[in-house]
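So you can see what is in the structure, the chains are spelled out below.
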Amino acid sequence: MRSTFKGLLALAIACTASSAWSATLDNVKKNGVLTCGTNSATAGFSLPDNEGKWTGFVVDYCRAVAAAVLGDAQQVKFIPLTPKDRFTALQSGEIDILAHNATWTSSRDTSLGILFAGTYFYDGQGFMVRKADNITSAKGLEGASICVTQGTTTELNLADYFRSQSIKYTTVGFADEEAVVKAYEEGRCDVLSADTSTLNASRLRMAKPDDSVVLPELISKEPLGPAVRQGDDQWFNVAKWTLYVMVAAEEFGVTSKNVDAMKSSDNPSIRRLLGVEGSIGKDIGLGDNWPVEVIKQVGNYGEVFDRNVGKDSPLKIERGMNALWNKGGVQYAPPIR
């Protein structure tokens, strides 16, 4: 009897905790604004200008979620967070969704009470060095001091890599990316290590970008994606399928410019994608037209990539692994049916 009581008590506690976060979609609709936690110093991904206007790849993802839920991509409140406090802000309910340059890992997915809702950018950790040092490989970093952002997977990856290579090094840690870049520019470390997307963005913002180079090696897998709280399956689906709709739209050639015309397509896959047929709206708790609003107001995955970090941006990052699955990459949306 006692064990049965304990089991029921544990179940009740779990259900109470789950229900506390089971109404995120309703709360966002009620508040009329999506609260998105992000970083504030990565050009191309998430960066406010002098007037407080946010732009970037992950910024556009949050705008896409707002378009899906509220019908207005501009109804987003961006909360700048450091790597050390980003997960706490999500756990506490301070934000509705986390769209940071955060890596999806097993421990984060299983021990923090959060879930990653897909991968919007496949990345890897690398190194930036000064050209004058004539370092051409990560294996030439014996004894180097390396600037890193605290609270990230960067430090753990460094430990694994240099241990496997029997290379000695020291880390110099800082709370956020801006402080790390400043320390590197001031010569307080020999090397800067981060995801290569961050390194390329940081280099462009330096006073003398041509004085540094990003080495070719990648020492880790860094799948970056949005995260939500565990226990709210409906909101998890909204976050996940907003991303997949953008990816699928690129695959089917649906863009922000032709989306209205494409609703008349005879292709059943396109008609289901755009809510003309099927139940993509009802199944997720949104109107049938929500995918159209996402694509029309924000764009498909390729449009968002190109203008923020790709060929139409200062970063000029190649699609690489982030190309669609049928174009040599690994970006892939499950079937919408």
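Before reading further, recall that the structure is shown in the block above.
Residues numbered from 1 in each chain as written. Predicted model: local features only at pLDDT ≥ 70, side-chain atom pairs only at ≥ 80, totals over all residues. Heavy atoms only, no water.

A. Highlighting the overall build of the protein chain. When helices and strands are counted, the protein chain shows 13 helices and 14 strands. Expected size for 337 residues packed as a compact globule is a radius of gyration near 20 Å; at 21 Å, the protein chain falls within 12% of this value. When the 337 residues of the protein chain are sorted by exposure, 50% land in the buried category. Look at the contacts in the protein chain between residues 6 or more apart in sequence, and 71% of them connect residues 24 or more apart. On the protein chain, roughly 15,700 Å² of surface is accessible, and the fraction owed to carbon and sulfur atoms is 51%. In the protein chain, 35 positive and 39 negative side-chain charges are present, and the distance between their average locations comes to 3 Å. (Helix = DSSP H or I, 4+ residues; strand = E, 2+ residues; numbered from the N terminus. Rg over C-alpha atoms; globule rule 2.2 N^0.38 Å. Buried < 20%, exposed > 50% of the residue type's maximum accessible area, 1.4 Å probe, protein only. Contact = heavy atoms within 4.5 Å. Areas by Shrake-Rupley, 256 points an atom, 1.4 Å probe, with all protein chains shown as cover. Lys, Arg positive; Asp, Glu negative; His and termini not counted. Charge placed at Lys NZ, Arg CZ, Asp CG, Glu CD.)

B. Here's a closer look at the nonpolar core. The biggest cluster of nonpolar side chains holds 62 residues, and the ones touching the most others in it are Phe 57, Ile 97 and Trp 235. Sorting the residues of this core by element identifies α2 (24–31), β1 (34–38), α3 (57–70), β4 (76–80), α9 (233–251), α11 (268–273), α12 (290–297) and α13 (301–308) as the ones contributing at least two each. Excluding its chain neighbours within four sequence positions, the residues that come into contact with Trp 235 are Thr 24, Leu 25, Val 28, Leu 34, Val 65, Val 69, Asp 96, Ile 97 and Val 228. (Core = buried A, V, L, I, M, F, W, Y, C linked by side-chain atoms within 4.5 Å.)

C. Highlighting the state of the cysteines. On inspection of all chains with the given rule, the structure shows two disulfides. The disulfide that involves Cys 147 links it to Cys 189, with 2.1 Å between the sulfurs. Judged by the sign of its S-S torsion, about -115°, the cystine formed by Cys 147 and Cys 189 is left-handed. On the criterion of sequence distance, the pair formed by Cys 147 in strand β9 (residues 144–149) and Cys 189 in the loop between α7 (177–185) and β11 (191–195) is long-range, its members being 42 residues apart. As far as burial versus exposure is concerned, Cys 147 and Cys 189 are alike and both buried. Sequence-ordered numbering of the bonded cysteines in the protein chain gives a disulfide pattern of 1-2, 3-4. (Disulfide = S-S within 2.5 Å.)

D. Fine view of the sheet that holds β11. Read across the open sheet, the five strands follow the order β10-β9-β11-β8-β12; overall the sheet is mixed. Looking at which strands have only one partner, the edges of the open sheet turn out to be β10 (169–174) and β12 (212–214). Direction aside, the axes of adjacent strands within the sheet are offset by 30° on average. Pairing geometry for strand β8 (residues 125–130) and β12, over three bridges, is antiparallel. Paired with Met 128 across the bridge in β12 is Val 214. Running at roughly 150° to β9, helix α6 (residues 154–165) makes contact with β8, β9, β10 and β11 of the sheet. Contacts from α7 reach β8, β9, β10, β11 and β12 within the one sheet, and its direction differs from that of β9 by about 155°. (Pairing = 2+ DSSP bridges. Axes fitted to C-alpha atoms, helices over the stretch in contact; angles between N-to-C directions.)

E. Seen up close, the layout of surface pockets. The calculated volume of the largest pocket comes to roughly 390 Å³. As for the largest pocket, its lining consists of 29 residues, and the residues nearest its centre are Asn 39, Pro 83, His 100, Thr 149 and Glu 177. Where the lining of the largest pocket is concerned, the elements lending two or more residues are α7, β11 and α8 (196–205). Looking at the lining of the largest pocket, its residues break down into nine nonpolar, 14 polar and six charged. Roughly 250 Å³ of volume is contained in the second largest pocket. Forming the walls of the second largest pocket are Asn 237, Trp 241, Arg 272, Glu 277, Gly 278, Ser 279, Ile 280, Asp 283, Ile 284, Pro 335, Ile 336 and Arg 337. For the lining of the second largest pocket, the residue count by class is five nonpolar, three polar and four charged. (1 Å grid on protein atoms, 1.4 Å probe; cavity = no way out; pocket = protein on both sides within 12 Å on 5 of 7 lines; lining within 4 Å. Points joined across faces, edges and corners; volume = space filled by probe spheres on them. Nonpolar A, V, L, I, M, F, W, Y, C, P; charged D, E, K, R; others polar.)

F. Fine view of unusual backbone geometry. Even without being glycine, Asn 134 reaches a positive phi, approximately 55°. You can see Asn 134 is positioned in the loop between β8 and β9. The class of Asn 134 is exposed, set by a relative accessible area of 66%.

G. Spatial organisation of empty space enclosed by the protein. Tallied over the full model, the rule gives one cavity of 30 Å³ or more. Space inside the largest cavity adds up to approximately 40 Å³. As for the largest cavity, its lining consists of Phe 57, Tyr 61, Tyr 120, Leu 243, Met 246, Tyr 301 and Val 304. Breaking the lining of the largest cavity down by element, the ones donating at least two residues are α3, α9 and α13. Classifying every residue of the lining of the largest cavity gives seven nonpolar, no polar and no charged.

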